[in-house]
Amino acid sequence: MTEPSIPFFSPSLFEADRETALRLVYEIGTAPEQRFILGEFTARLERELAAVSGAEEVVLCGSGTGALTMALAAVGVGVGDEVLVPALGCAPLAAAVVSLGAVPVFADVNPGTLTMDPADAEARVTGRTRAVLPAHLFATMADMPRFVDLAKRYGLRLVEDSAVAQGAVLRGRPAGRWGEIGIFSFVQVKSFGMPGEGGALLTDDPRLAERLRLFRNHGQRPGERFVHRTVGWNSRFDELQARFQLHRLPGLADRLARRAAIADRYTERLAPLAGRGILVPPGGDEGRCAYVYTVLADDRDALSQYLQVRGVATHVYYPRPLPRHAAFARYAPPGARWPQAERACARILSLPLHPGLTDEQVERVADLVEEFAGCRPVSHR
Ligand SMILES: Cc1ncc(COP(=O)(O)O)c(C=O)c1O
């Protein structure tokens, strides 16, 4: 198959930073202290992310999945506890729960935002429910005010999966700052992605932060070795990546603005297709994270194919609800349905959205989607 002319992910994510990356490999690799994990750059990045987000504490760790697992453990989720998670989303949402011996209870999603529906989640609360784990997905933050309220009313712990939502703001409060703990992922395709694996935990609670620092390094306190105060994980942050992220942090706002501008342009071009079987995601700035641009298309597979043969790569995040995967099927009560998640899985299609796209490429994608919907004459490019 030929390479798409408009790839889904940027083919040159860190092109502009290549020389810096090489220099940092050399500098850190040859520095006398030979410190490669959890050193001064990790600590500095933690402070800078805390300053940007307003969190009292930021704890960097090995991945977004590690962050979710440790966050749930830190708030006390353990064997037999139930945790409310969205039925539509990525595997780590359920896997983190299962890895602690707890039970994911899948709630359906809101058909407009495609994030967990607070009313459906509430209907699934039982005496064993310990925590609720809403996730910001696609372009939209979950309805955090209602999840805060739900957690309060039932005495649940609230962990916020903001892996994809760095930079989004809802009612003046940034993503990652609504839960008792919020998390980010820095895997390469995320908004603050990097050439490797990493994640962050944000909290205002110093006791939670202390537990998280223990957890990420096998139960050892910072600076302490071979004193294991609890069983933890190896989820440490890499010094080279920390130094690279310190270099990339000042450009993040511009990259996020470019993503948002592309999303706005898609919406401007594609919103008129609502009567032709293609729905755009919620617009505006409020609670919006321009991480992926996901339309709902009645004839999704045909649209995807139409774009693909014309050189535009798309992605289906996510082809099936979590409880419909073999890994999680045992947590799906017999006969249970998640109608909105199931309907969304048959219709969702994400278009290319990354800061490296040119205006011309964005127009080309929009032209083709319009063309597919029958709104413009077929081009012969
Ligand atoms: C919503 C969400 N949560 C959690 C994760 C896990 O992050 P990571 O890939 O860094 O483990 C991801 C990304 O893959 C994600 O999209």
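Note: the structure precedes this text.
The structure presented is a predicted model; accordingly, all values stated were derived computationally and were not measured.

Undergrad: Please explain the overall build of the chain as it appears in this structure.
TA: Per the secondary structure count, the chain includes twelve helices and twelve strands. What you see for the chain is a C-alpha radius of gyration of 21 Å, in line with the 21 Å of a compact globule of 381 residues. Referenced to the eigenvectors of the C-alpha coordinate spread, the extents of the chain come out at roughly 70 × 55 × 40 Å. Counting only residues that meet the buried cut, the chain has 55% of its 381 residues in that class. Put simply, 69% of the contacts in the chain that link residues at least 6 apart link residues at least 24 apart. Per element, the accessible surface of the chain, about 16800 Å² overall, is 52% carbon and sulfur. Averaging the positions of the 44 positive and the 44 negative side-chain charges in the chain gives two centres separated by 3 Å.

Undergrad: Where do I start with the state of the cysteines in this structure?
TA: In a disulfide, the sulfur atoms of two cysteines are held together by a covalent bond. Evaluation of the coordinates by the stated rule reveals zero disulfides. Unpaired in this structure, Cys61 has its nearest cysteine sulfur neighbour in Cys90, at a distance of 14 Å. A residue is classified by how much of its surface remains accessible, and Cys61, at 0% relative accessible area, is buried. Not part of a disulfide, Cys90 finds its nearest cysteine sulfur in Cys345, a span of 13 Å. Classification of Cys90 as partly exposed rests on a relative accessible area of 21%.

Undergrad: Help me understand the pairing of strand β1 (residues 57-61), please; the structure alone is not making it clear to me.
TA: Residues in a regular strand point their side chains to alternate faces of the sheet. β1 sits mainly inside the fold: four of its five residues count as buried. Of the strand pairs in this sheet, β1 and strand β9 (residues 199-203) are connected by five bridges, and their pairing is antiparallel. Along β9, the bridge assignment pairs Val58 with Leu202.

Undergrad: Explanation requested: the nonpolar core in the structure shown.
TA: One broad rule of soluble globular proteins: the nonpolar side chains tend to lie buried together. Of all hydrophobic cores here, the largest spans 56 residues; its most connected members are Leu72, Leu88, Phe106, Phe138 and Leu201. Mapped onto this core, the elements with two or more residues apiece are β1, α3 (64-74), β2 (82-86), α4 (91-99), β8 (181-185), α7 (206-215) and α11 (339-347). Looking at which domains feed residues into this core, each of domain 1 (15-108 + 115-248) and domain 2 (251-372) supplies at least three. In contact with Phe138, other than residues within four places in its own chain, are Leu88, Leu114, Cys289, Tyr291, Val292, Thr294, Tyr317, Tyr318 and Ile348. Residues Leu273, Tyr306, Leu349 and Leu357 belong to the second largest nonpolar core, which totals 25 residues.

About the criteria used
Residues numbered from 1 in each chain as written. Predicted model: local features only at pLDDT ≥ 70, side-chain atom pairs only at ≥ 80, totals over all residues. Heavy atoms only, no water. Helix = DSSP H or I, 4+ residues; strand = E, 2+ residues; numbered from the N terminus. Rg over C-alpha atoms; globule rule 2.2 N^0.38 Å. Buried < 20%, exposed > 50% of the residue type's maximum accessible area, 1.4 Å probe, protein only. Contact = heavy atoms within 4.5 Å. Areas by Shrake-Rupley, 256 points an atom, 1.4 Å probe, with all protein chains shown as cover. Lys, Arg positive; Asp, Glu negative; His and termini not counted. Charge placed at Lys NZ, Arg CZ, Asp CG, Glu CD. Disulfide = S-S within 2.5 Å. Pairing = 2+ DSSP bridges. Core = buried A, V, L, I, M, F, W, Y, C linked by side-chain atoms within 4.5 Å. Domains from an automatic or database assignment.

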